[in-house]
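Structure assessment
Each chain, written out:
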Amino acid sequence: MGHTYSINNAHVVYHTGRRIIRESELERLHAYIATLARDYRVRQVLVGGTADHIHLLGDFPMDKAPADVIRAIKANSSRWLRGLHSCYADFSWQQGYGYFAVSASIRLDVVRYIENQAVHHLKESAAREYERMKHLHEIAAYGEAYKV
């Protein structure tokens, strides 16, 4: 049994800083983030979101810390946006992110959720969504102990 197998599916959510992303650039940004994730060997990548936040679903590699992968994706995508247009000259992502484990049994539900972000956010703000996700994953119950 000389093989190691793993699945490290996670749903990552992070928000913009002071700027929002123009609707006309969202699709390109999502594609760029997906390419970055694949470059860092994240498998089964799906990227979505709206003008003020990103959802990234993927199977993260076991030989790299997820924090390092996410930090690199955020840094490179913000650099890319700053070079895209002068309106993003001071663009940055908010510090931090949510990293939520996803079991194989609900992965398809998370895929559908990410694919339907525009419709979903007609009913719920991104801030409320993020708090609900933290509550669902019981992060609020642990408070400061689970902040990195």
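Residues numbered from 1 in each chain as written. Predicted model: local features only at pLDDT ≥ 70, side-chain atom pairs only at ≥ 80, totals over all residues. Heavy atoms only, no water.

What about the side chain of D59?
As for its placement among the helices and strands, D59 is situated in strand β3 (residues 53–59). At a separation of 2.8 Å, a polar atom in the side chain of D59 contacts the main-chain amide nitrogen of N8. A polar side-chain atom of D59 sits 2.4 Å from a polar atom in the side chain of R43. (Helix = DSSP H or I, 4+ residues; strand = E, 2+ residues; numbered from the N terminus. Polar contact = N/O pair within 3.5 Å; in protein donor to acceptor, adjacent residues only side chain to side chain.)

Looking at the confidence of the model for the chain
Averaged over all residues, the pLDDT of the chain is 86; the fraction at 70 or higher stands at 84%. In this model residues 144–148 is a low-confidence stretch, pLDDT under 50, and it forms zero contacts with partners more than four residues away in sequence or in other chains. (pLDDT = per-residue confidence, 0-100. Contact = heavy atoms within 4.5 Å.)

Things to note about the nonpolar core
Counting 23 residues, the largest nonpolar core has I21, I33, L56, F60, I73 and W93 as the members making the most contacts within it. Elements with a contribution of two residues or more to this core: β1 (9–15), α1 (23–39), β2 (43–50), β3 and α2 (66–84). Examining the composition of this core, we find that six residues originate from one element, α1, more than from any other. The residues touching I21, leaving out its near neighbours within four places in the chain, are T16, L26, L29, A51, L81, Y88, F91 and W93. Listed in part, the five residues of the second largest apolar core include L57, V102, V110 and V111. (Core = buried A, V, L, I, M, F, W, Y, C linked by side-chain atoms within 4.5 Å. Buried < 20%, exposed > 50% of the residue type's maximum accessible area, 1.4 Å probe, protein only.)

Brief notes about the sheet that holds β2
With respect to topology, four strands assemble into an open sheet ordered β2-β3-β1-β4, the strand pairing being antiparallel. The sheet is open, and its two edges are formed by β2 and β4 (98–101), each paired on a single side. Taken pair by pair, the neighbouring strands of this sheet meet at an average axis angle of 15°, ignoring direction. Contacts from α2 reach β1, β3 and β4 within the one sheet, and its direction differs from that of β1 by about 40°. Across the sheet, helix α3 (residues 107–115) lies against β1, β2 and β3, angled at about 155° from β3, the strand it touches most. (Pairing = 2+ DSSP bridges. Axes fitted to C-alpha atoms, helices over the stretch in contact; angles between N-to-C directions.)

Description of unusual backbone geometry
For residues besides glycine, phi is generally negative; the peptide bonds are generally trans as well. One non-glycine residue, R41, lies in the positive phi region at around 65°. Mapped onto the fold, R41 is located in the loop between α1 and β2. Using a relative accessible area of 42% as the deciding quantity, one classes R41 as partly exposed. The phi dihedral of Q44 is positive, around 50°, even though this residue is not glycine.

Overview of the packing of α1 against α2
Two quantities define a packed helix pair, namely the angle between the axes and the distance from one axis to the other. Following both chains from N to C, one finds α1 and α2 inclined at 145°, their axes separated by 10 Å at the closest point. As for how α1 packs across α2, the hand of that crossing is right-handed. Where α1 abuts α2, its residues E25, R28, L29, Y32, I33, L36 and A37 lie against I73, N76, S77, W80, L81 and L84. When grouped by side-chain class, the residues that make up the contact of α1 with α2 number nine nonpolar, two polar and two charged. (Left-handed = near helix turned anticlockwise from the far one by under 90°. Nonpolar A, V, L, I, M, F, W, Y, C, P; charged D, E, K, R; others polar.)

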